[in-house]
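Here is how the chains run, residue by residue.
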Amino acid sequence: MRRMPATLVALAACGTLVLGCGEGGVSEGATVSVYVAPPLCAEAERELKKKGAEAGEVEVRAICLPAVETGDRADLAATGANARRATEDSTSVAFLEAPGPAARFSQSVVEAAGIAWVETDSGAGVMRQVLSALGETDSSPRDAVRDALEG
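For the structure given in this document, a descriptive report is provided here.

1. Focus: the overall build of the protein chain
Tallying secondary structure elements over the protein chain gives six helices and seven strands in all. Listing the helices and strands of the protein chain from first to last along the sequence gives α-β-α-β-β-β-β-α-β-α-β-α-α. In the protein chain, which comprises 151 residues, the proportion classed as buried is 38%. As displayed, the protein chain has an accessible area near 8,700 Å², and 53% of this comes from carbon and sulfur atoms.

Written as C-alpha cells, this is what we have:
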C-alpha cells in the first residue's frame, strides 16, 4: 500500500509532461527533414547553410536521396524506396523531386502520407519556401509546408 502514492505521483508527473509537450504543435529545438533528389541537393543544402538551417523554432535538414535515374531510364524500385523512406520518417515535411522519368512515380506515395511533393528545377527556391512556411506558423510543420507549397 505504501507504494501506491509514489506510483500515483509518478503517473501524475508523466501526465503533466505529456500534456505540456503537445500544446504548441512544435517543440523548440525540433528537427524537420526535407528529402531531396540528387540534382537538387547541392542547391538545397547551400540555401540551408546560407539561411542558418533554422526556421522559427525548428532546425531544417536536407536529406539527399540516392540517384534513381540513368539517362532517360528510371529505377522504379529505387524511386519507391526513396518515397517510402520519406514517408516512414516522422520528421519529413517535404519531398523535392527533379523533372525526369522518375518524377511522378514517387508523388502518390509521398502525398498519401500528407507530405508536400514538389517537382522543381530549383532546390534553393523551394527550400526558401519551406523555411518561410516554417518560420511563419504555429501549426504542424508538415501542414504548414504542405499548405505553402501546394497552395
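2. Focus: the state of the cysteines
The full count for this structure, using the stated rule, is one disulfide. Note on cysteine connectivity: C41 is disulfide-linked to C64, with sulfurs 1.5 Å apart. For the disulfide bridge between C41 and C64, the dihedral angle about the S-S bond is near -65 degrees, and by the sign convention the bridge is left-handed. Of the two residues, C41 sits in helix α2 (residues 38–51) while C64 sits in strand β3 (residues 58–64), which places them 23 residues apart along the sequence.

3. Details of helix α5 (residues 123–135)
What sets the pattern is the α-helix's 3.6 residues per turn: residues three or four places apart point alike. Over its 13 residues, α5 runs 18 Å from end to end, which matches the ideal 18 Å to within 8%, given 1.5 Å per residue. Restricting attention to buried positions, one finds in α5 the residues G123, A124, G125, V126, M127, V130, L131, A133 and L134.

4. Some remarks on the environment of L65
Position of L65 among the secondary structure elements: in the loop between β3 and β4 (69–70). For L65, a relative accessible area of 7% translates into the label buried. For the pair L65 and P38, spaced 27 residues apart in sequence, the C-alpha separation works out to 6.0 Å. Those residues in contact with L65 that lie beyond four places of it in its chain are Y35, V36, A37, P38, N82, R85 and F95.

5. Section: the environment of Q107
Take Q107: it is sitting in helix α4 (residues 103–112). Along the backbone, Q107 and T79 are 28 residues apart, and their C-alpha atoms lie at a distance of 10.0 Å. A polar atom in the side chain of Q107 sits 2.9 Å from the side chain of R104.

6. Brief notes about the side chain of E97
Turning to its location among the elements, E97 is positioned in strand β6 (residues 92–97). Of the buried charged residues, E97 lacks a salt bridge, with R104 as the closest side chain of opposite charge at 9.5 Å.

Analysis parameters
- Counting from 1, residues in each chain are numbered in the order their sequence is written.
- Since the coordinates come from a predicted model, pLDDT governs what is reported: local features require at least 70, and pairs of side-chain atoms require 80 or more to be given and counted, while whole-chain, interface and lining totals use all residues.
- Computation of side-chain values covers all heavy atoms of the structure but excludes hydrogens and water.
- Helix and strand definitions here come from DSSP, where helices need a minimum of 4 consecutive H or I residues and strands a minimum of 2 consecutive E residues; each element is numbered from the N-terminal end.
- Exposed residues in this analysis have more than 50% of their type's maximum accessible area, buried residues have under 20%, and partly exposed residues fall in between, with area computed by a 1.4 Å probe over protein chains only.
- Only the protein chains shown count as cover for residues, and all accessible areas are computed by the Shrake-Rupley method using a 1.4 Å probe.
- Criterion for a disulfide: a pair of cysteine sulfur atoms at a distance within 2.5 Å.
- To estimate how far a helix should reach, multiply one less than its number of residues by 1.5 Å.
- We call two residues in contact when some of their heavy atoms are within 4.5 Å.
- What qualifies as a polar contact is a pair of N or O atoms within 3.5 Å, subject to a donor-acceptor requirement within protein and to the restriction that residues adjacent in sequence count only when both atoms come from side chains.
- All tallies of charge rest on Lys and Arg as positive and Asp and Glu as negative; His and the ends of each chain are not included.
- Salt bridge, as applied in this entry: a Lys or Arg side-chain nitrogen positioned within 4 Å of an Asp or Glu carboxyl oxygen.

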